[in-house]
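What the coordinates show
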Amino acid sequence: MTSKQTVKFVINGDEVELEVLPHWSLLKVLRDSLDLTGAKPGCGEGECGACTVLVNGIPINSCIYPIMEADGKEVLTVEGLAANNGLHPIQQAFLEKAGVQCGFCTPGMIMSAKALLDTNPNPSEDEIRHAIAGNMCRCTGYVQIVESIQHAAGLMADARKRL
């Protein structure tokens, strides 16, 4: 029988320390221990991107990411994007440009978009499509999602100009 181990990491800006079984995935801990249900359980094999979160700024499939790998790292979920009771520009753009259809893939798409826009504030359509290649959507054909990310880049650029 495997015994629980302690893992410490920062989740959405807050430090947590949890007792976990070492074979658990980050997704299981997010959903079952921390009640953060934005990352969705999809394929369970790291193929669909519904569970995408950022670990130290890099998009990962949390369904196959061992929880012990999160020790000492910073994890950001879609719940951690909104600030001051308002939506993040990426979330706002997805609403404004109809990037949300059924919504199942949306949190993962938004997190992949966040990672892209953090490193490339003005991506081309090809760069956007490459960044979301690991996220599957069965509703939109990706047109509205790409348009949402392009719009988010503009909103974020406008916000930077105001600073």
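The following refers to the structure shown. All figures in this text were calculated on a predicted structure; none of them were measured in a lab.

1. With respect to the packing of helix α3 (residues 106-119) against helix α5 (residues 143-162)
Orientation of α3 relative to α5, taken along the N-to-C sense of each, is 45 degrees, at an axis distance of 11 Å. When the axis of α3 is compared with that of α5, the two are oblique. Of the two elements, α3 crosses α5, and the hand of that crossing is right-handed. Every residue of α5 that contacts α3 at M109, A113, L116 and L117 is listed here: I145, I149, A152, A153 and M156. Per-class residue counts for the contact of α3 with α5 are nine nonpolar, no polar and no charged.

2. Concerning the environment of E47
Within the fold, E47 resides in the loop between α1 (26-33) and β3 (52-55). Classification of E47 as exposed rests on a relative accessible area of 54%. Spatially, the C-alpha atoms of E47 and A98 are 24 Å apart, while their sequence positions differ by 51 residues. Setting aside its immediate chain neighbours within four residues, E47 contacts G134 and M136.

3. What to know about the layout of surface pockets
Reported here for the largest pocket is a volume of approximately 160 Å³. Forming the boundary of the largest pocket are C48, A50, C102, F104, C105, M136, C137, R138 and C139. Split into classes, the residues belonging to the lining of the largest pocket amount to eight nonpolar, no polar and one charged.

4. Digging into the pattern of salt bridges
Across all of its chains, the model carries four salt bridges by this definition. Here D118 and K114 are joined by a salt bridge, their closest N and O atoms 2.8 Å apart. One end of the pair is D118 and the other is K114, both in helix α3 and four residues apart, which spans about a single turn. Take D118: its relative accessible area is 45%, and that puts it in the partly exposed class. Note that E125 is salt-bridged to R129, the shortest N-O span being 3.0 Å. Separated by four residues within a single helix, E125 and R129 lie in helix α4 (residues 125-131), roughly one turn from each other. For E125, a relative accessible area of 38% gives the class partly exposed.

5. Here's the deal with the side chain of K114
Since its relative accessible area comes to 14%, K114 is described here as buried. A polar contact is formed between the side chain of K114 and the side chain of D118, at a distance of 2.8 Å. The residues touching K114, leaving out its near neighbours within four places in the chain, are L54, L76, L81, H88 and I90.

6. Re the sheet that holds strand β4 (residues 58-61)
Paired through backbone hydrogen bonds, the strands of a sheet run either parallel or antiparallel to each other. With respect to topology, five strands assemble into an open sheet ordered β2-β1-β5-β3-β4, the strand pairing being mixed. Lying at the two open borders of the sheet, with one neighbouring strand each, are β2 (14-20) and β4. Across the sheet, the axes of successive neighbouring strands diverge by a mean angle of 40 degrees, strand direction being ignored. Sheet analysis places strand β1 (residues 5-11) next to β2, joined by seven bridges and oriented antiparallel. From the neighbouring strand, K8 faces β2, where its bridge partner is E17. Helix-sheet contacts for α1 involve β1, β2, β3, β4 and β5 (74-76), and the interaxial angle to β3 is about 105 degrees. The strands that α3 touches are β3, β4 and β5; relative to β3, the one it contacts most, it runs at about 35 degrees.

7. A short note on the packing of helix α2 (residues 89-96) against α3
Close contact between α2 and α3 brings their axes to 10 Å; oriented N to C, the two are set at 125 degrees. When the axis of α2 is compared with that of α3, the two are oblique. For the element pair α2 and α3, the recorded crossing hand is right-handed. Only T106, M109, I110, A113, K114 and L117 of α3 make contact with α2, whose side of the interface consists of I90, Q91 and F94. Per-class residue counts for the contact of α2 with α3 are six nonpolar, two polar and one charged.

The rules behind each value
Residues numbered from 1 in each chain as written. Predicted model: local features only at pLDDT ≥ 70, side-chain atom pairs only at ≥ 80, totals over all residues. Heavy atoms only, no water. Axes fitted to C-alpha atoms, helices over the stretch in contact; angles between N-to-C directions. Helix = DSSP H or I, 4+ residues; strand = E, 2+ residues; numbered from the N terminus. Parallel < 35°, antiparallel > 145°, perpendicular 65-115°, else oblique. Left-handed = near helix turned anticlockwise from the far one by under 90°. Contact = heavy atoms within 4.5 Å. Nonpolar A, V, L, I, M, F, W, Y, C, P; charged D, E, K, R; others polar. Buried < 20%, exposed > 50% of the residue type's maximum accessible area, 1.4 Å probe, protein only. 1 Å grid on protein atoms, 1.4 Å probe; cavity = no way out; pocket = protein on both sides within 12 Å on 5 of 7 lines; lining within 4 Å. Points joined across faces, edges and corners; volume = space filled by probe spheres on them. Salt bridge = Lys/Arg side-chain N within 4 Å of Asp/Glu carboxyl O. Polar contact = N/O pair within 3.5 Å; in protein donor to acceptor, adjacent residues only side chain to side chain. Pairing = 2+ DSSP bridges.

Shape is all these values report; function is a separate question.
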